Amino acid sequence: VQLVESGGGLVQTGGSLRLSCAGSGAIYRLNVMSWYRRAPGKSRELVATSTSGGSIYYADSVKGRFTISRDNTKNTVYLQMNSLKPEDTAVYYCNFQNWDGVDYWGQGTQVTVSS
């Protein structure tokens, strides 16, 4: 199983980026798709989660600015990030979890927001 992220980069404050994470390989019974991030000197933070049942969660820090979506036919999850702030600078990781509780992680993509 491999998760490949794309879409990171450098953007100015107030700008937008769209992250994608495509899963390939033997992914079965996929339930939860999530985005996490780790800023320099900080612990990993859950940013957004989408469940197969349609539930969505956002961290308070990104509510109203970020949107998570998924395409189950492509085993792909997206994160649309608008109104970016310097404090959003981090390495962003996607995570898939199946119904058996098995986790899969992407390699991470850097997002840098300049002030």
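Quick note: structure is the one above.
This write-up is about the structure you can find in this document.

Cut-offs applied
Note on numbering: residues in each chain are counted from 1, in written sequence order. With pLDDT at 70 or above as the cut-off, local features in this predicted model cover only qualifying residues; side-chain atom pairs require 80 or more to be listed or tallied, and sums for whole chains, interfaces and linings still use all residues. Computation of side-chain values: all heavy atoms of the structure, hydrogens and water removed. For Phe, Tyr and Trp, where Trp contributes only its six-membered ring, two rings pair if their centres lie within 6.5 Å, and the inter-plane angle classes them as stacked under 30 degrees, edge-to-face over 60, or tilted in between. The numbering of helices and of strands both runs from the N terminus, where a helix is a DSSP run of H or I of at least 4 residues and a strand a run of E of at least 2. Only when the NZ of Lys or the CZ of Arg is both within 6 Å of the ring centre and within 35 degrees of the ring normal is a charge said to sit over the ring. At least two bridges found by DSSP between two strands are what make those strands a pair. Each axis is a line fitted through C-alpha atoms, and for a helix only the stretch in contact is used; angles between axes span 0 to 180 degrees, taken between their N-to-C directions.

**Some details on the packing of aromatic side chains**
Evaluation of the coordinates by the stated rule reveals one aromatic pair. Residues tyrosine 36 and tryptophan 105 carry aromatic rings whose centres are separated by 5.0 Å and whose planes lie at 55 degrees to one another, so their mutual orientation is tilted. In this pair, tyrosine 36 is assigned in strand β4 (residues 30–38) and tryptophan 105 in strand β10 (residues 103–105), connecting sequence segments 69 residues apart. In this arrangement the basic side chain of arginine 18 is found over the ring face of tyrosine 78, its NZ or CZ atom lying 4.1 Å from the centre. Directly above the aromatic system of tyrosine 36 lies the positively charged group of arginine 44, at a separation of 5.2 Å from the ring centroid.

**Description of the sheet that holds strand β8 (residues 76–81)**
Read from one edge to the other, the open sheet built from four strands follows the order β1-β3-β8-β7, with strand pairing classed as antiparallel. Looking along the sheet, the strands with just one partner apiece sit at the ends: β1 (2–6) and β7 (66–71). When strand polarity is set aside, the average angle formed by the axes of neighbouring strands in this sheet is 15 degrees. Bridge analysis of strand β3 (residues 17–24) against β8 gives six bridges, and the strand direction is antiparallel. Looking at β8, one finds that leucine 17 is bridged to methionine 81.

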